[in-house]
Amino acid sequence: MVRIACAQLRLGKDQEENYQKALDYLHRAKVAGAQLVCFPEGQLMEYIPQYAGLSKDNIAIPLTDRHIEGFRQACREEGIIGVFSLVLTWEGKIYPTMMIVDETGEIKAIVRKNHIVRAPHFYEQDYFTPGDDGFVVVPTSAGNIGLIVCFDRHYPESFRTLALKGADLVITAVANETAEPLDVFQWEIRIPAFQNSFYAVMVNRTGQEGVMEFCGQSIVAGPDGSVVALAGADEELLLADLDYETSRRLRDEKQYLPLRRKEAFEL
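Here the structure is a predicted model, which means the values were calculated and not measured.

S.K.: Would you take a moment to explain the overall build of the chain for this structure?
M.R.: Secondary structure assignment for the chain yields five helices and 16 strands. For a compact globule of 267 residues, the expected C-alpha radius of gyration is about 18 Å, and the chain comes in at 17 Å, within 12% of that figure. The principal-axis extents of the C-alpha atoms in the chain amount to approximately 50 × 45 × 35 Å. Of the contacts formed within the chain by residues at least 6 apart in sequence, a portion of 67% connects residues at least 24 apart. Surface accessibility of the chain: about 11500 Å² in total, with carbon and sulfur atoms responsible for 49%. Taking the average place of the 27 positive charges on the side chains of the chain and the average place of its 39 negative ones, the gap between the two points comes to 4 Å.

S.K.: Help me out: how do you make sense of the sheet that holds strand β10 (residues 169-173) in this one?
M.R.: The strands that make up a sheet are held in pairs by hydrogen bonds between backbone atoms, and each pair lies either parallel or antiparallel. Taken in spatial order, the six strands make up an open sheet running β8-β9-β10-β11-β14-β15, and their pairing is mixed. In this open sheet, the two strands that pair with only one neighbour each are β8 (137-140) and β15 (227-230). The mean angle between the axes of side-by-side strands here comes to 20°, regardless of whether they run parallel or antiparallel. One ladder, built from five bridges, connects strand β9 (residues 143-149) with β10; its direction is parallel. Following the sheet pairing, Gly146 is matched in β10 by Val170. Across the sheet, helix α4 (residues 182-196) is in contact with β10, β11 (199-203), β14 (219-221) and β15; its angle to β14 comes to roughly 25°.

S.K.: Mind showing me how you'd approach the sheet that holds strand β2 (residues 36-38) here?
M.R.: The six strands lie next to each other as β5-β4-β3-β2-β1-β16, forming an open sheet whose pairing is mixed. Only two strands of the sheet have a single partner each, and these edge strands are β5 (107-112) and β16 (236-242). In this sheet, adjacent strand axes meet at a mean angle of 25° when their direction is disregarded. Examined bridge by bridge, β2 and strand β3 (residues 81-90) share three bridges and lie parallel to one another. Counted as the bridge partner of Leu36 is Ile81 from β3. Relative to the sheet, helix α2 (residues 66-78) contacts β3, β4 (93-101) and β5, its axis offset from that of β3 by approximately 170°.

S.K.: Honestly, the packing of helix α1 (residues 15-31) against α2 in this entry has me stumped. Any pointers?
M.R.: The description of two helices packed together rests on the angle between their axes and the distance between the axes. Relative to each other, α1 and α2 sit at 15°, their axes nearing to 10 Å. By the criterion of interaxial angle, the relationship of α1 to α2 is roughly parallel. In this structure, α1 crosses over α2, and the sense of that crossing is right-handed. On the side of α1, the interface is formed by Gln15, Glu16, Tyr19, Ala22, Leu23, Leu26, His27 and Lys30, while α2 contributes Arg66, His67, Gly70, Phe71, Ala74, Cys75 and Glu78. A per-class count over the contact of α1 with α2 returns seven nonpolar, four polar and four charged.

S.K.: What should I look at first to understand the pattern of salt bridges in this one?
M.R.: Pairs can form between side chains of opposite charge whenever their charged atoms are close. As enumerated under the stated definition, the model contains 16 salt bridges in all. Here Glu16 makes a salt bridge to Arg66, at a shortest N to O gap of 2.5 Å. With Glu16 in helix α1 and Arg66 in helix α2, the pair connects residues that are 50 residues apart, well separated along the chain. On the accessibility criterion, Glu16 (28% relative accessible area) is partly exposed. The partner of Asp126 in a salt bridge is Arg118, with the nearest N and O atoms 2.7 Å apart.

S.K.: What's the story with the side chain of Thr172 in this structure? I'm lost.
M.R.: Secondary-structure assignment places Thr172 in strand β10. Look at Thr172 and you get buried, because its relative accessible area is 0%. A distance of 2.8 Å separates a polar side-chain atom of Thr172 from the backbone oxygen of Ile148. Dropping the residues within four chain positions of it, Thr172 is found in contact with Met98, Ile148, Val149, Cys150, Arg153, Ile189, Val201, Met202 and Val203.

Cut-off values and rules
Residues numbered from 1 in each chain as written. Predicted model: local features only at pLDDT ≥ 70, side-chain atom pairs only at ≥ 80, totals over all residues. Heavy atoms only, no water. Helix = DSSP H or I, 4+ residues; strand = E, 2+ residues; numbered from the N terminus. Rg over C-alpha atoms; globule rule 2.2 N^0.38 Å. Contact = heavy atoms within 4.5 Å. Areas by Shrake-Rupley, 256 points an atom, 1.4 Å probe, with all protein chains shown as cover. Lys, Arg positive; Asp, Glu negative; His and termini not counted. Charge placed at Lys NZ, Arg CZ, Asp CG, Glu CD. Pairing = 2+ DSSP bridges. Axes fitted to C-alpha atoms, helices over the stretch in contact; angles between N-to-C directions. Parallel < 35°, antiparallel > 145°, perpendicular 65-115°, else oblique. Left-handed = near helix turned anticlockwise from the far one by under 90°. Nonpolar A, V, L, I, M, F, W, Y, C, P; charged D, E, K, R; others polar. Salt bridge = Lys/Arg side-chain N within 4 Å of Asp/Glu carboxyl O. Buried < 20%, exposed > 50% of the residue type's maximum accessible area, 1.4 Å probe, protein only. Polar contact = N/O pair within 3.5 Å; in protein donor to acceptor, adjacent residues only side chain to side chain.

By themselves these figures say nothing about function.
Following this line, the structure appears as structure tokens:
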């Protein structure tokens, strides 16, 4: 059994305050017995893409930033895996990313969001460059972890690719507002969990930021599509216990993956 924690946070304009809050929740996750803690999209900053055409100055950090080193040190000292969601500068461009830091403080993977949207409240194309990492699965002491950055979850191929690469657990960091249908918010994580017989997590921001109100409702879905854990609308550390043996049993019973005839698809 693997215990994970989702840090559903109220975030603001003060980067240092957001950073200290993340460290506090990381410590709380460890005290609660979690082997892994994950955070919502863009966890160090206000959600800037809600506004169109602002300056790109000071909305991202480099890999050498002290906050990343601080997260690495915290994971090492607490002995916990951290799945962080950071906006990074990379070779002169800006990317929304997710990063896995293991319990030794080593950065195991960084993935960049592949699909960048431009829509009301989500003017991401004004700021971000699409990544070209594809979808990766990272072996850790808490299982084989796949990462999906927010908008990429709207593509079923994202989840199926991670399943075919052997994911036990897929984590997606999001910034979902109350204006979006909450039932669909759940379906988008529960259905792929069921179809791929793995655990899937969606960790969200909460609270009012500028013109947006984030809905919380972070969720952990089981390999049978059930809701294993569901957060409310406020700040919360959501805990869930995952049984990968159940995943493997269901995968054998359902046979969705082994019976898949890839030659029948034109994607």
